[in-house]
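# Examining the three-dimensional arrangement
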Amino acid sequence: MAFVAHKLVIVESPAKARTIGGYLGSGYVVESSIGHIRDLPQSAADTPARIKDKPWGRLAVDVENDFQPYYVVPRDKKSHITKLKGLLKDADELFLATDEDREGEAIAWHLLDELKPRVPVRRMVFHEITKPAILEAAANPRELDMDLVEAQEARRILDRLYGYEISPVLWRKVMSGLSAGRVQSVATRLVVDRERERMRFHSASYWDLEGTFDAGSGHSPRMFPAKLYSVDAVRVARGGDFGPDGKLANERVHLDRTAAQDLVAALADAAFDVRSVEAKPYRRSPYAPFRTTTMQQEASRKLGMSAAGAMSVAQRLYENGFITYMRTDSTTLSGAAIEAARDQVRELYGAEYLPDSPRVYTKKVANAQEAHEAIRPAGERFRTPAQTGLTGDQFRLYKLIWMRTVASQMKDATGQSISVRLGGSAATGQDVVFSASGRVITFHGFLKAYVEGTEGGKRTDDAETPLPDVRQGEAVTAASLAANGHETKPPARYTEATLIKELEDRKIGRPSTYASIIGTILSRGYVYKSGTALVPSWLAFSVTRLLEDHFGRLVDYEFTALMENVLDEIARGDKDRNSELAEFYYGSERVKGLHPLVTGLGDIDAKELATFPIGGPETGIVLRVGKYGPYLEGPDDDGAPAAKRANVPDDLPPDELTVEVARELLAKPAGEEIELGVHPESGLMVVAKNGRYGPYVTEVLPEEAPKGAKARTGSLFQSMSLDTLTLDDALKLMSLPRVVGVDAEGQEITAQNGRYGPYLKRGTDSRTLPSEEQLLTITIDEALGIYAQPKTRGRAAASAPLKELGNDPVSGQPVVVKSGRFGDYVTDGEYNATLRRDDTVEAITLERAAELLAERRAKGPAKKPTARRTTRGAAKKSGTTKKSGTTKKPAQRAAAKSG
């Protein structure tokens, strides 16, 4: 049989490989790299043996020799590399078709360096996965872009130095297992700083008047609202006139309740007329097509998706040929895309909604890295959402992208904005002016297709407030007047959408990484969600304090943005990579570098870092961040300092921990006993208390109790509270484990509460119980009924589904809620995602479960454990290194050997 050569095409994901393989047909073999195939070692076991004893060995970056990185192939990728090498043997040409961004270019370089092909190598790039785009890309390959490779490698080294040097400081001084990152630590600081603003905030009270005015029977609308604007020509105070200290920042009339109500009474018989009418044309141009960050923000506001969830869904849409590449800084549309959008405007809305000439969007964000298009529907003719056959989140996100793209090629919305001033004289002689603002849209233009979402109660662009067509001097009547009180509010906490916008506005990090950054600060416990708001934990306060006090420059907002500029200048060849890395790591005459900062830290008072006063010094109350969470220390009733301790609830936001709340918590301190009564059998006092692992009841043993004597104890059920617990409840808890009865063979069945929840036990056969309450109520007949059912083997037996939610919109697999070793979680059979503190089994929906699973998928598959001996052997055999330095040209570097 004659040998038939083929072209080998390597893409990043299996889904993409299947789609592209179908387009290219025979003569091509399409395989995926399954993401990165090589990286810096993630553990000591993976570190090449020859560098382990080097001073910089744990970094896997030779900081003494031009910051040379040492790459390894992860254990779970070795067999796949072997497979790719086998496919390459039968190929006469290699196409590296990874994504066209820094990460994709780096993956292509690593494939080239690891596979060491002896056939021609092409770089194949495309922005959408449609047959014409793929055939065009295969016919017009380019060379590997070593500037992009350099840019990605510089970032990777910088992030490794930052994380591996600072994280150990956090382990020693704050808590083990913590991490620091060049962008993640700054993002955490932003959330902490916002909470500090809220904690410093002093609310102010102010009153105003709101009225409904009657323009008369000849007007439509006849009735319209207006608010008090001024009294005797001085503006009335509104919320924006007060500073964060609660004081007026401008000269204003500050009405209190009495003054406002008196003014209402004084205006009871007042005559009002129109003092002025100001009309201005209203025009609103379409929003630019989506780039990565604007898509994430709108998916959050309109669809309730997390940043990671939106990116996961977008990835599926891209890989299956529905949208263009979703990691882009650009708002540009190709000529074909503009025509496709204009065609749909004409077909769906009519020619009157189509501008004479195409709209061109050329603006890019600062330091935009690629020449991608905006995110848009794929193809030269767009499919409407109904034509796609998509369902669930993929349908919803595609529809959002489609509407935004089509709207971007529509005419402006036009109309009129009107401001009316109404004047009258109070019985007290005061001259008062009311103000009414309105807007009427006479031609909706692009708003017919798409309206951008808002947050914080702001009105949308299509909101209309019609006012009557009144003229200056015309009389109007006050149909009703009312005094209303208001309180100023602290600045809103960040949501995922607003944090992404803040990071982008400050030019911190790369838009393509924001989803993973938010995922990291959530998973590390620095931040948690309360609804959509991002709330910092007290742990984040401790970490941020350490970084600000000892690594201030590295978490400075401007410095972080400056480093982003430097990295982009390296990518353009305008700055030398090694010189910039050396200044960052070793410092210069101008600045102190990372290495001397870490080695010259000196003594850090860990207790001081973890201590935060609550109120002034006179309260004597402090919060401490401990190994098992935050807790309070405060004086006892006699004033003895730090005599009482109380745990702080996990879901209590820092700005809500006031002195009053702290005193309430200290009134029920951890360890303080609540006497419930005497045990009728033992005669011992039974008490309830808060412990390190939650509330429990126990007997109090006398001092003369024999050595080794054990008191009966029992943890409270989740449905119980120390406030309402009775002696009878305590006796039932201490009766566990309870003998339920015996089976026909005389074997005892007991009900027990274990590490993984309530269960029945008969010999070595255990069965899960749905609720803790059943431990006290289940009968022998009910227990025998459970044992009569076949037992499910494996992990599923220990965690039968608590709730079925439906099919996951991404994987298509059934999603269920289960109870596991570390709490309740959702799973689609492939990925598990733990429920967050605000999630409950009863309330969780399929949409929320899909969001949690999408965040989990974004982190990649879990690594399988490998035996220690195998790990060491693999590490010794797989160590590879890439030489890098200023003396090498890109072409030379592309041919550098792995050692």
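You'll find the structure just up there.
Residues numbered from 1 in each chain as written. Predicted model: local features only at pLDDT ≥ 70, side-chain atom pairs only at ≥ 80, totals over all residues. Heavy atoms only, no water.

### Overview of the side chain of T130
- Inspection of the secondary structure assignment puts T130 in the loop between β6 (121-123) and α4 (131-139).
- The buried category is assigned to T130, whose relative accessible area is 11%.
- Leaving out residues up to four positions away in the same chain, T130 has contacts with Y23, G321, A378 and G379. (Helix = DSSP H or I, 4+ residues; strand = E, 2+ residues; numbered from the N terminus. Buried < 20%, exposed > 50% of the residue type's maximum accessible area, 1.4 Å probe, protein only. Contact = heavy atoms within 4.5 Å.)

### Structural notes on the nonpolar core
- Counting 140 residues, the largest nonpolar core has I323, L397, F551 and L632 as the members making the most contacts within it.
- Contacts of F551, omitting those with residues within four sequence positions, involve I166, V169, L546, L597, V598 and L601.
- Counting residues in hydrophobic clusters, the runner-up holds 29 residues, among them V236, L267, A270 and F272. (Core = buried A, V, L, I, M, F, W, Y, C linked by side-chain atoms within 4.5 Å.)

### Looking at helix α14 (residues 514-523)
- Across the ten residues that make up α14, a large majority, seven, are buried.
- Residues Y514, A515, I517, I518, G519, I521 and L522 constitute the buried set of α14.
- On the buried face of α14, the contacting elements are α6 (184-200), α8 (292-303), α9 (307-319), α13 (496-505), β14 (527-530) and β15 (533-536).

### Considerations on the packing of aromatic side chains
- Inspection of every chain in the model, using the stated rule, returns 20 aromatic pairs.
- Ring geometry for F322 against Y398: centres 6.3 Å apart, planes inclined by 75 degrees, an arrangement best described as edge-to-face. With F322 in the loop between α9 and α10 (335-348) and Y398 in helix α12 (residues 392-407), this residue pair connects regions lying 76 residues apart in the sequence.
- Centre to centre, the rings of W538 and F541 are 4.9 Å apart; their planes meet at 40 degrees, and the pair counts as tilted. With W538 and F541 both in helix α15 (residues 538-550) and three residues apart, this pair spans about one turn of that helix.
- Relative accessible area serves as the criterion here: at 6%, W538 is assigned to the buried category.
- Above the ring of Y229, the side-chain terminus of R421 is found at 4.0 Å from the ring centroid. (Phe/Tyr/Trp six-rings, centres within 6.5 Å; stacked < 30°, edge-to-face > 60°. Lys NZ or Arg CZ within 6 Å of the ring centre and 35° of its normal.)

Geometric values such as these leave the question of function open.
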